[in-house]
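Residue-level structure breakdown
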Amino acid sequence: MVYLVLGALCSVLSALLGLMLQFRMKGWEALAGFRGLEASLFEGTNRERLRRRISILYYFLSLGLLAGTLAVAVKALSPVTALPLAILLVLVVFDAMLLAWRRYAPAGRNSGQRRGSRLVLALAHVFFAFLIVLLIP
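Rules behind the numbers
- Residues numbered from 1 in each chain as written.
- Predicted model: local features only at pLDDT ≥ 70, side-chain atom pairs only at ≥ 80, totals over all residues.
- Heavy atoms only, no water.
- 1 Å grid on protein atoms, 1.4 Å probe; cavity = no way out; pocket = protein on both sides within 12 Å on 5 of 7 lines; lining within 4 Å.
- Points joined across faces, edges and corners; volume = space filled by probe spheres on them.
- Helix = DSSP H or I, 4+ residues; strand = E, 2+ residues; numbered from the N terminus.
- Nonpolar A, V, L, I, M, F, W, Y, C, P; charged D, E, K, R; others polar.
- Salt bridge = Lys/Arg side-chain N within 4 Å of Asp/Glu carboxyl O.
- Buried < 20%, exposed > 50% of the residue type's maximum accessible area, 1.4 Å probe, protein only.
- Core = buried A, V, L, I, M, F, W, Y, C linked by side-chain atoms within 4.5 Å.
- Contact = heavy atoms within 4.5 Å.
- Axes fitted to C-alpha atoms, helices over the stretch in contact; angles between N-to-C directions.
- Parallel < 35°, antiparallel > 145°, perpendicular 65-115°, else oblique.
- Left-handed = near helix turned anticlockwise from the far one by under 90°.
- Phe/Tyr/Trp six-rings, centres within 6.5 Å; stacked < 30°, edge-to-face > 60°.
- Lys NZ or Arg CZ within 6 Å of the ring centre and 35° of its normal.
- Patch = residues over 30% accessible without salt bridge, like charges linked within 9 Å, V, L, I, M, F, W, Y side chains within 5 Å.
- Areas by Shrake-Rupley, 256 points an atom, 1.4 Å probe, with all protein chains shown as cover.

1. Description of the layout of surface pockets
- Estimated volume of the second largest pocket: approximately 380 Å³.
- Taken together, 18 residues make up the lining of the second largest pocket; nearest its centre are C10, L61, L65, A86 and V90.
- For the lining of the second largest pocket, the secondary structure elements donating two or more residues are α1 (2-22), α3 (47-73) and α4 (79-104).
- With seven residues, α4 is the single largest residue contributor to the lining of the second largest pocket.
- Class assignment of the residues belonging to the lining of the second largest pocket gives a composition of 15 nonpolar, three polar and no charged.

In structure tokens, the structure reads:
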């Protein structure tokens, strides 16, 4: 029951985030990651395409979480199986957002920033892998 409520809530929130980005509602720049960037990084950025791609990814996450929640509701999946799949879906969307940023915002960074971002990316993947392995029965 808890999985059904949390899955539906996360699905609705993800769809709302996609709507915020799609229709440029208040706070969309912070949600897309534009607010903290320097002006020099915006020069080669295709902000409109990036905003649309991130919006689509939020919709994809919403549909995936909703499908998992419905599969648990009709007892096609057990919550023990669905939870690692939901975390894997979040990881896939996380990686897709990083790829979208890399494609549509080719900003030049120095080597220290690149090393730092690679370290954060590696730690995020380790965290997600740890959660998935921990939750697999």
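2. Things to note about the pattern of salt bridges
- On inspection of all chains with the given rule, the structure shows three salt bridges.
- R24 serves as the salt-bridge partner of E48, at 2.5 Å between the closest nitrogen and oxygen. Taken together, the residues span a long stretch of sequence, with E48 in helix α3 and R24 in the loop between α1 and α2 (28-32) at a distance of 24 residues.
- Assessed through its relative accessible area of 29%, E48 is described here as partly exposed.

3. Remarks on the nonpolar core
- Among the nonpolar cores identified, the biggest contains 20 residues, and L21, L50, I54, V93 and M97 are the most heavily contacted of them.
- Of all the secondary structure elements, the ones that give two or more residues to this core are α1, α2, α3 and α4.
- Every residue in contact with V93, bar those within four places of it in the chain, is listed here: L57, F60 and L61.

4. Focus on the packing of α1 against α3
- One way to put it is that α1 packs onto α3 with a least axis distance of 8 Å and a crossing angle of 160°. Taken as axis vectors, α1 and α3 run roughly antiparallel relative to one another. Crossing angle aside, the handedness with which α1 passes α3 is left-handed.
- Looking at the contact of α1 with α3, its residues break down into 16 nonpolar, nine polar and one charged.

5. Overview of the packing of aromatic side chains
- Scanning all chains against the criterion turns up two aromatic pairs.
- For the ring pair F94 and F128, a centre distance of 6.0 Å and an interplane angle of 50° mean the geometry is tilted. Of the two residues, F94 sits in helix α4 while F128 sits in helix α5 (residues 111-135), which places them 34 residues apart along the sequence.
- The exposure class assigned to F128 is buried, which follows from its relative accessible area of 14%.
- Of the aromatic side chains, those joined through ring pairs into one cluster are F94, F127 and F128.
- One residue, R51, lies across the ring of W28, its end atom 5.9 Å from the ring centre.

6. So, a nonpolar patch on the surface
- Together, V2, L6, L9, V12, L13, L16, L19, F23 and M25 make up a nonpolar patch on the protein surface, roughly 830 Å² of accessible area in all.
- Tracing the backbone shows L9 in helix α1.

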